[in-house]
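Now for the letters of each chain:
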Amino acid sequence: MCAMRKLRTLDIVDYVKAKKRCTLAHLMQKFKVSSATIHRDVAELVAAGHLERVRGGVAFFPRTEAAPTAFGTFHDRASVNREAKERIAARALEYVTEGDILFLDSSSTTAALASAIAARAFTNITLVTNSVAIMENFHKMPRNYVLIALGGNYDPQLNSFLGSSALRELERLTVSKAFVSCFGVDDKTVTTNHEHQAELVTRVLELASKRYLLADRSKFGRTGLYRLAARGLFDAVISERRGS
């Protein structure tokens with residue numbers, strides 16, 4: 001990152017911190033940059049956990065304030081809303097049946113689902129994943145389970161493998177059910193802040209026979225930078241809230 005750009009992103013954080021919330025249009029005007037530039041800067045700041053995506057723009061929430069959590073590192077996210085994620089995993093488990101070939105993405109919510117699947121001890125289950133956390137814990141699962149681990153470039157923030165290698169491996173596979181999470185979901189669209197994650201998950205959703213979105217209540221009403229799918233594409237949106 002060049003020095004001028006780094007200074008600008010620091011100024012953006014300070015400005016949003018002072019204002020609490022800002023629209024992207026306001027930030028474009030304030031910092032005299034293009035739409036593409038402000039979207040890129042904001043996406044990086046959100047991904048790094050400095051700002052939060054909210055409807056219409058971005059916001060700064062003090063760490064002590066109960067607010068939608070940033071899309072930080074996997075280990076940061078794993079400790080947030082843990083009880084909600086376990087309830088979501090229990091509900092998602094109802095959609096898993098013997099003989100399934102399941103894709104589980106690299107979210108902390110699907111990691112909770114993987115643990116629930118391990119505890120159920122199915123006779124015939126195959127897991128396809130790019131999640132390092134699920135790969136690392138696979139040895140705890142029943143010995144008859146099958147793991148297909150997608151390789152690729154390691155992303156330390158998502159603790160997962162992404163990129164063209166992962167996509168090529170995916171093309172060889174059959175997926176009966178895909179369980180994925182997201183950064184944000186509104187009435188029409190499901191989004192993320194990570195371009196390469198979006199590429200992989202979008203292709204998985206095209207290949208899968210059934211699609212399930214796992215999203216705790218902090219995900220609703222906020223928007224990420226990259227589109228994953230239309231909300232209506234999913235066979236079920238599974239949250240800790242009944243009636244999702």
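Heads up: the structure comes first, above all this text.
These numbers come from a predicted model, not from an experiment.

Quick look at the packing of helix H5 (residues 82-93) against helix H6 (residues 108-120) now. It is the contact of H5 with H6, at a shortest axis distance of 8 Å, that shows an interaxial angle of 55 degrees. As judged from the angle between their axes, H5 and H6 are oblique. Relative to H6, H5 is oriented so that their crossing is right-handed. The segment H5 lies against H6, with Lys85, Ile88, Ala89, Ala92 and Leu93 engaging Ser108, Thr109, Ala112, Leu113, Ala116, Ile117 and Arg120. Across the contact of H5 with H6, the residue classes break down as eight nonpolar, two polar and two charged.

Strand pairs in the sheet, formed through backbone hydrogen bonds, run parallel or antiparallel to each other. Spatial ordering of the open sheet is given by E10-E11-E13, a layout of three strands whose pairing is antiparallel. If you trace the sheet from one side to the other, it starts and ends with strand E10 (184-185) and strand E13 (226-230), each paired once. Where helix H9 (residues 195-207) meets the sheet, its contacts fall on strand E11 (189-192) and E13, and the angle it forms with E13 comes to roughly 15 degrees.

Taking strand neighbours across the sheet as the criterion, the three strands line up as E1-E3-E2 in an open arrangement whose pairing is antiparallel. Every interior strand has two partners, whereas the edge strands, strand E1 (21-23) and strand E2 (52-54), have only one. When the angles between neighbouring strand axes are averaged without regard to direction, this sheet yields 30 degrees. Running at roughly 85 degrees to E1, helix H2 (residues 24-31) makes contact with E1, E2 and strand E3 (57-59) of the sheet.

Glancing now at the packing of helix H8 (residues 164-171) against H9. Relative to each other, H8 and H9 sit at 10 degrees, their axes nearing to 10 Å. On the basis of the axis angle, H8 is roughly parallel to H9. Note on element contacts: H9 touches H8 through Glu199, Leu200, Arg203, Val204 and Leu207, opposite Ala166, Leu167, Leu170 and Glu171. The residue inventory of the contact of H8 with H9, partitioned by class, reads six nonpolar, no polar and three charged.

On to H5, then. When the terminal C-alpha atoms of H5 are compared, their 16 Å separation across 12 residues agrees well with the 16 Å that a helix rising 1.5 Å per residue should span. For H5, the full list of buried residues reads Ala84, Lys85, Ile88, Ala89, Arg91, Ala92 and Leu93.

Thresholds, definitions, all that
- Residues numbered from 1 in each chain as written.
- Predicted model: local features only at pLDDT ≥ 70, side-chain atom pairs only at ≥ 80, totals over all residues.
- Heavy atoms only, no water.
- Axes fitted to C-alpha atoms, helices over the stretch in contact; angles between N-to-C directions.
- Helix = DSSP H or I, 4+ residues; strand = E, 2+ residues; numbered from the N terminus.
- Parallel < 35°, antiparallel > 145°, perpendicular 65-115°, else oblique.
- Left-handed = near helix turned anticlockwise from the far one by under 90°.
- Contact = heavy atoms within 4.5 Å.
- Nonpolar A, V, L, I, M, F, W, Y, C, P; charged D, E, K, R; others polar.
- Pairing = 2+ DSSP bridges.
- Expected span 1.5 Å × (residues − 1).
- Buried < 20%, exposed > 50% of the residue type's maximum accessible area, 1.4 Å probe, protein only.

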